[in-house]
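# Topology and contacts: notes
Spelled out, the chains give:
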Amino acid sequence: MPRLFQPRRRQLLKAFGLGALTLPLASLLGRPEGQAAPGTLERVIFFYFPDGVVGPSQNGEPSQWHALGSEHSFSLSPLLAPLASRQSDCLFFTGLTMGATDSGSHPGGAKKLLTATDYGNGESIDNLLSRTVGETMPWRHLYLGAQANADGASGDKHITYVSPGQTITPNDDPRHAFDLLFGSYTPPSTPGEEPAPDPVAVSVIDATLEETDLLRSRLGDVEATKLDLHLEALREVEKRIKGMGSVPIEGVSCDEPSLATGSLSDATLYAPEQFPTILRAQMDLMVLAMACGLTRVGTLQASHHTSELLMSRFANTPMYDPGYDMRSHQASHYGPSHDPGKVEFAAYKLQRIWWVEQLAYLLDALASRPEGDGTMLDHTLVVMASEVCDGNTHLHDDIPMVLAGGGSVLSTGRLLHTGGARHADLWVSVARLLGLPLDHFGDVSSGPLSGIV
């Protein structure tokens with residue numbers, strides 16, 4: 001059943017007090033100072049799915065992913081068909097390349113995907129945006145995963161890089177992420193009860209001094225000094241949160257938000273049959289957090305490259321097969337040809353269609369919330385991508401990407417033939433759409449991608 005929570009300053013400060021000593025500083029930031037500048041978009045969501053698509057086969061058969069036609073007159077492929085009702089809200093691409101380095105490699109593609117640098121030797125575009133256009137938000141960057149940490153995944157299995165070769169870990173638990181964002185619902189006190197102290201008036205850092213002093217006593221001089229500097233920075237953050245005003249999207253209830261997590265528990269967080277529920281909850285949470293003005297930059301990582309996700313256990317989907325386990329990475333190695341009679345190829349196509357259906361759900365969720373003279377979708381850019389093109393060949397050319405939303409700024413409903421442009425140019429364009437005047441990004445970039453900005 002859905003759970004009800006009550007955010008605003010009291011809950012933000014409660015979550016801040018409980019997690020301040022362990023949360024990264026990047027998640028505890030300052031006061032929002034207004035909306036995006038005119039001609040730019042309010043927010044961006046990067047949506048990653050694993051193991052590529054049905055691209056050109058080893059035998060020369062054409063891609064079953066990429067749209068066909070001219071810029072303004074084109075048809076969607078069978079794999080992109082779930083976006084038919086949103087075709088006018090999307091930009092589709094052919095020819096985008098991540099370069100030859102490590103081509104044929106899942107890890108190499110994941111390292112380059114958001115960094116546009118070989119071997120992940122750079123900062124990812126989502127992290128750059130979080131510390132620039134997102135720096136004044138309560139949460140600079142909301143990085144949510146759906147079993148992205150399964151099987152002890154770390155390092156290059158994650159796609160957000162804060163520095164060369166250094167990734168951060170997404171939050172795989174929508175229940176925990178909800179609590180961090182909004183705090184637990186506190187019912188009003190009954191008559192005669194002493195009301196709880198207002199966190200706006202009482203420093204939550206001071207309230208944890210006993211625990212802090214105990215921690216300091218166990219540290220060496222250098223670590224204790226670092227702790228004191230950390231606390232000083234957190235006090236500044238606390239002051240900002242105390243003065244923070246909530247600016248939710250019109251019609252969105254941010255006083256008592258709810259999130260449906262079904263029967264999810266600690267024991268089932270990594271059960272494959274729970275994956276659809278987890279991903280749906282994380283998408284709902286991302287939209288809710290953005291509607292409530294908590295962040296402008298979000299990343300949704302669904303599983304990770306070379307995924308062992310058993311998609312054949314997704315009940316009530318065409319993939320469901322209780323008698324035969326089929327993993328994402330297993331299905332991606334379907335062989336040299338697009339053989340419809342081969343079980344791996346048939347499963348792989350169904351899996352790719354399912355991922356596109358999830359993107360369609362996310363776009364519908366944004367479009368269901370009015371904002372300004374349109375909807376949240378009009379003011380939000382959504383980027384869907386995977387780390388390789390064809391799942392069997394692992395090539396880094398003709399990389400599968402879709403841009404969606406942003407209709408208040410973008411001219412959507414088009415198919416852009418890029419002629420082998422580097423995907424780094426796309427990230428320059430995305431930055432500019434968010435108001436960051438970027439001219440170069442990654443190892444090889446010639447500026448914004450033609451036709452985007």
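This report concerns the structure included in the present document. (Residues numbered from 1 in each chain as written. Predicted model: local features only at pLDDT ≥ 70, side-chain atom pairs only at ≥ 80, totals over all residues. Heavy atoms only, no water.)

## With respect to the sheet that holds strand S13 (residues 380–385)
What counts here: In this analysis, strands are considered paired if DSSP registers two or more bridges between them. Per the convention used, a helix needs a DSSP run of H or I reaching at least four residues, while a strand needs a run of E reaching at least two, with both numbered from the N terminus. Each axis is a line fitted through C-alpha atoms, and for a helix only the stretch in contact is used; angles between axes span 0 to 180 degrees, taken between their N-to-C directions. Pairs of residues are marked as contacts when any of their non-hydrogen atoms sit within 4.5 Å.
With mixed pairing, seven strands are arranged side by side in an open sheet as S6-S10-S2-S13-S14-S5-S15. For this open sheet the edge positions go to strand S6 (142–146) and strand S15 (414–417), each flanked by a neighbour on one side alone. In this sheet, adjacent strand axes meet at a mean angle of 15° when their direction is disregarded. Two strands pair when backbone bridges link them, and strand S5 (residues 90–94) and strand S14 (residues 401–405) are joined in this way by three bridges, in the antiparallel orientation. When the sheet's bridge partners are listed, cysteine 90 is paired in S14 with alanine 404. Packed onto the sheet, helix H7 (residues 275–291) meets strand S2 (43–48), S6 and strand S10 (297–302) and runs at close to 165° relative to S6.

## A short note on empty space enclosed by the protein
Put simply, the test is: A cavity, in this analysis, means grid points on a 1 Å lattice covering only the protein atoms where a 1.4 Å probe fits yet has no way out; a pocket is instead an open set bounded by protein on both sides within 12 Å along at least five of seven lines, and a residue lines either one if it has an atom within 4 Å of a point. Grid points are joined across faces, edges and corners, and a volume is the space filled by probe spheres set on the points. Amino acids are sorted into nonpolar (Ala, Val, Leu, Ile, Met, Phe, Trp, Tyr, Cys and Pro), charged (Asp, Glu, Lys and Arg) and polar (every other residue, Gly among them).
In the structure shown here, the tally under the stated rule is four cavities of 30 Å³ or more. In this structure, the second largest cavity occupies an estimated 60 Å³ of space. Lining the second largest cavity are Phe46, Phe47, Tyr48, Leu113, Leu114, Ile159, Val383, Met384, Ala385 and Trp427. Contributions of two or more residues to the lining of the second largest cavity are made by S2 and S13. Across the lining of the second largest cavity, the residue classes break down as ten nonpolar, no polar and no charged.

## Some points on the state of the cysteines
Under the convention used in this document: Counting rule for disulfides: a pair of cysteine sulfur atoms within 2.5 Å. Burial classification: accessible surface area is computed with a 1.4 Å probe over protein chains only, and a residue below 20% of its type maximum counts as buried, one above 50% as exposed, and the rest as partly exposed.
All chains considered together, the criterion is met by one disulfide. The residue that forms a disulfide with cysteine 254 is cysteine 292, at a sulfur-sulfur distance of 2.0 Å. Here the disulfide of cysteine 254 and cysteine 292 is left-handed, its torsion about the S-S bond being about -100°. Placement of cysteine 254 in the loop between helix H6 (221–242) and strand S9 (258–259) and of cysteine 292 in the loop between H7 and S10 is noted, with a sequence separation of 38 residues between them. Of the two residues, cysteine 254 and cysteine 292, both sit in the buried class.

## Here's the deal with the nonpolar core
Applicable threshold: What we call a nonpolar core is a set of buried Ala, Val, Leu, Ile, Met, Phe, Trp, Tyr and Cys residues that are connected through their side-chain atoms within 4.5 Å.
Counting residues in each nonpolar core, the largest one holds 72 residues, and the members touching the most others are Leu83 and Trp355. Broken down by element, this core gets its largest block of residues, 13 residues, from helix H9 (residues 343–367). In this structure, tryptophan 355 is in contact with Phe47, Phe49, Pro50, Phe275, Leu279, Ala302, Leu309, Met311 and Met384, ignoring residues within four places of it in sequence. The next biggest cluster of nonpolar side chains, apart from the first, holds 40 residues, and it includes Tyr48, Leu128, Leu426 and Ala431.

## Describing the side chain of histidine 304
On the secondary structure map, histidine 304 appears in the loop between S10 and helix H8 (328–332). Apart from the residues lying within four places of it in its own chain, the contact partners of histidine 304 are Tyr48, Pro50, Asp51, Gln147, Ala148, Ala150, Ala153 and Lys157.

## Observations regarding the pattern of salt bridges
To keep things clear, this is the line we draw: Throughout this description, the term salt bridge denotes a Lys or Arg side-chain nitrogen within 4 Å of a carboxyl oxygen of Asp or Glu.
Scanning the model with the defined rule gives ten salt bridges in all. Ionic pairing is found between arginine 414 and glutamate 71, a salt bridge with its closest N-O pair at 2.8 Å. Taken as a pair, arginine 414 in strand S15 and glutamate 71 in the loop between strand S3 (68–69) and strand S4 (74–75) lie far apart in primary sequence, 343 residues in all. With relative accessibility at 29%, the residue glutamate 71 sits in the partly exposed group. Among the salt bridges present, the one from aspartate 89 reaches arginine 86, with a minimum N-O distance of 3.1 Å. Judged by its relative accessible area of 19%, aspartate 89 is buried. Judged by its relative accessible area of 18%, arginine 86 is buried. Salt bridges sharing partners connect three or more residues here, namely Arg86, Asp89 and Asp364.

## As for the packing of H7 against H9
Under the convention used in this document: Throughout, the term roughly parallel applies to angles under 35 degrees, roughly antiparallel to angles over 145, roughly perpendicular to angles from 65 to 115, and oblique to all others. Less than a right angle of anticlockwise turn of the near helix away from the far helix marks a crossing as left-handed, whereas a clockwise turn marks it as right-handed.
Here H7 crosses H9 at 30°, and the two axes come no closer than 10 Å. The pairing of H7 with H9 is recorded here as roughly parallel in orientation. For the pair H7 and H9, the sense of crossing is right-handed. Side by side, H7 and H9 meet where Phe275, Pro276, Leu279, Arg280, Met283, Asp284 and Val287 of the first sit next to Trp354, Trp355, Gln358, Tyr361, Leu362, Ala365 and Leu366 of the second. Residues belonging to the contact of H7 with H9 are distributed by class as follows: eleven nonpolar, one polar and two charged.

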